[in-house]
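Structural description and commentary
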Amino acid sequence: MNEFEKILSVENVGRSFKTKAGNFIALENINLDFFEEEFVAIVGPSGCGKSTLLKIINGMLKPSTGKTSFRGKALGGINLECSMVYQNFGLLPWLSVLENIELGLLSRELSNAQAQKKAAHYIDKVGLDGHEEAYPRELSGGMKQRVGFARALAIEPEILLMDEPFSSLDPLTAINLREEILDIWEDPNLRITTVIMITHQIEEAVEMADRVIVMDGSPGHVVKEVKIPLERPRNRKSKEFDHYVGEIFELIT
């Protein structure tokens, strides 16, 4: 039994889409619980419904069957206690770094001055101080993703959702950002309590997560949940690390 309070649950969730070929079942009978102070990774082959599940958790998609609940209350739309970091950055090219981050804050009825102050704080938090007026075309991939993280953090959610956030980055940048995100998640001064991340990289999942949810497709379903009880920072060269990577690899293949 988890010692922390349950923050979000997915109960008997299924999702289907109408296509020209008929009804496509993307997810079927998904049952998951997520807890405070937990970092969860979701892995599985392409097309098994990982991103669809993340959108349902966020409230961007409604399940065809079942329900999702946040702190015991059923979700009826977008969960404002979640924020999302995307694989392809999702920045508006005609807005500066500061304006991209302010955008989500202004939609939450903050004044311009309040939004600017909070955006500046999180720009500094992710190491982009001095780049407030830069535009996305002027930034490297790593810097663009830092903007994405700052934008997600600035609304101060309880749950941070990440859809393959490091897959578009060079290896060194990805290593640095993974370490920084873990530091941010563990910062007691920030409101984020739970992180849910989709990744295709098994090693990345084992390095970062307390628990790895393994999915498979046709239709998308949960194969197994693997707990990773290793202390951080984790040694990728250790036998214990290799053990969990091997176990998850076998489940996927």
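Notes on the structure follow. (Residues numbered from 1 in each chain as written. Predicted model: local features only at pLDDT ≥ 70, side-chain atom pairs only at ≥ 80, totals over all residues. Heavy atoms only, no water.)

This part takes up helix α4 (residues 141–154). Look at α4: 20 Å from first C-alpha to last across 14 residues, which is about the 20 Å you get at 1.5 Å a residue. Counting buried residues along α4, eleven of its 14 residues qualify, which places the element largely inside the surrounding structure. Residues Gly142, Gln145, Arg146, Val147, Gly148, Phe149, Ala150, Arg151, Ala152, Leu153 and Ala154 constitute the buried set of α4. At the exit of α4 stands Glu156, carrying a positive phi of roughly 55°. (Helix = DSSP H or I, 4+ residues; strand = E, 2+ residues; numbered from the N terminus. Expected span 1.5 Å × (residues − 1). Buried < 20%, exposed > 50% of the residue type's maximum accessible area, 1.4 Å probe, protein only.)

Across the sheet, which stays open at both edges, the six strands sit in the order β6-β7-β8-β3-β9-β10 with mixed pairing between neighbours. Taken across any chain shown, the strands that pair with only one partner, and hence form the sheet edges, are β6 (82–85) and β10 (221–227). Across the sheet, the mean angle separating the axes of adjacent strands is 20° when strand polarity is ignored. When β6 meets strand β7 (residues 159–163), the two strands line up parallel, connected through four bridges. Residue pairing in the sheet places Met84 in a bridge with Leu161 of β7. Helix α5 (residues 171–186) rests against β3 (38–43), β7 and β8 (194–198) of the sheet, and its axis sits at about 140° to β3. Contacting β3, β9 (211–216) and β10, helix α7 (residues 239–252) runs over the sheet at an angle of about 170° to β10. (Pairing = 2+ DSSP bridges. Axes fitted to C-alpha atoms, helices over the stretch in contact; angles between N-to-C directions. Contact = heavy atoms within 4.5 Å.)

Taken across its six residues, β3 has six buried, putting it largely inside the fold. In β3, alternate side chains face the same way, and those of Glu38, Val40 and Ile42 on one face and Phe39, Ala41 and Val43 on the other are all buried. Judged from the five bridges that link them, β3 and β8 form a sheet pairing that is parallel. Its bridge partner being in β8, Ala41 is matched across the sheet by Met197.

Moving on to the nonpolar core. Formed by 53 residues in total, the largest nonpolar core has its most connected members in Phe39, Met162, Phe166, Val212 and Ile248. Listed in part, the 24 residues of the second largest apolar core include Leu54, Ile57, Ile196 and Ile198. (Core = buried A, V, L, I, M, F, W, Y, C linked by side-chain atoms within 4.5 Å.)

Taken as a whole, this structure holds two aromatic pairs when the rule is applied. Both rings, one in Phe39 and one in Trp185, keep their centres 5.6 Å apart while their planes meet at 80°; by these two values the pair is edge-to-face. A residue pair is termed long-range when its members are at least 10 positions apart, and Phe39 in strand β3 and Trp185 in helix α5 qualify at 146 residues. Comparing Phe39 with Trp185 shows no difference in burial state: the two are buried. Ring centres of Phe149 and Phe166 lie 6.1 Å apart, and the angle between their planes is 35°; on these two criteria the pair is classed as tilted. Here Phe149 is found in helix α4, whereas its partner Phe166 is found in the loop between β7 and α5, with 17 residues between them in sequence. (Phe/Tyr/Trp six-rings, centres within 6.5 Å; stacked < 30°, edge-to-face > 60°.)

This brings us to the packing of helix α2 (residues 97–106) against α4. Helices that pack against each other are described as a pair by the angle of their axes relative to one another and the distance between those axes. Interhelical geometry of α2 versus α4 gives an angle of 30° and a closest axis separation of 8 Å. Between α2 and α4, the crossing angle belongs to the class labelled roughly parallel. For the element pair α2 and α4, the recorded crossing hand is right-handed. Contact residues: Val97, Asn100, Ile101 and Leu105 in α2; Val147, Ala150, Arg151 and Ala154 in α4. Residue composition of the contact of α2 with α4, by class: six nonpolar, one polar and one charged. (Parallel < 35°, antiparallel > 145°, perpendicular 65-115°, else oblique. Left-handed = near helix turned anticlockwise from the far one by under 90°. Nonpolar A, V, L, I, M, F, W, Y, C, P; charged D, E, K, R; others polar.)

Looking now at the sheet that holds strand β5 (residues 73–74). The strand order β2-β1-β4-β5 describes an open sheet built from four strands, whose pairing is antiparallel. The sheet is open, and its two borders are formed by β2 (22–35) and β5, each paired with just one other strand. Relative to strand β4 (residues 65–70), strand β1 (residues 6–19) runs antiparallel, the two sharing five bridges. Of the residues in β4, the one forming a bridge with Ser9 is Ser69. This element, helix α1 (residues 50–58), spans β1, β2 and β4 of the sheet and lies at about 125° to β1.

Relative to the assigned elements, Ala134 resides in the loop between α3 (112–125) and α4. Sequence-distant contacts of Ala134, that is, excluding residues within four places in its chain, are made with Ser96, Val97 and Leu139.

Function cannot be inferred from these measures alone, as they are strictly geometric.
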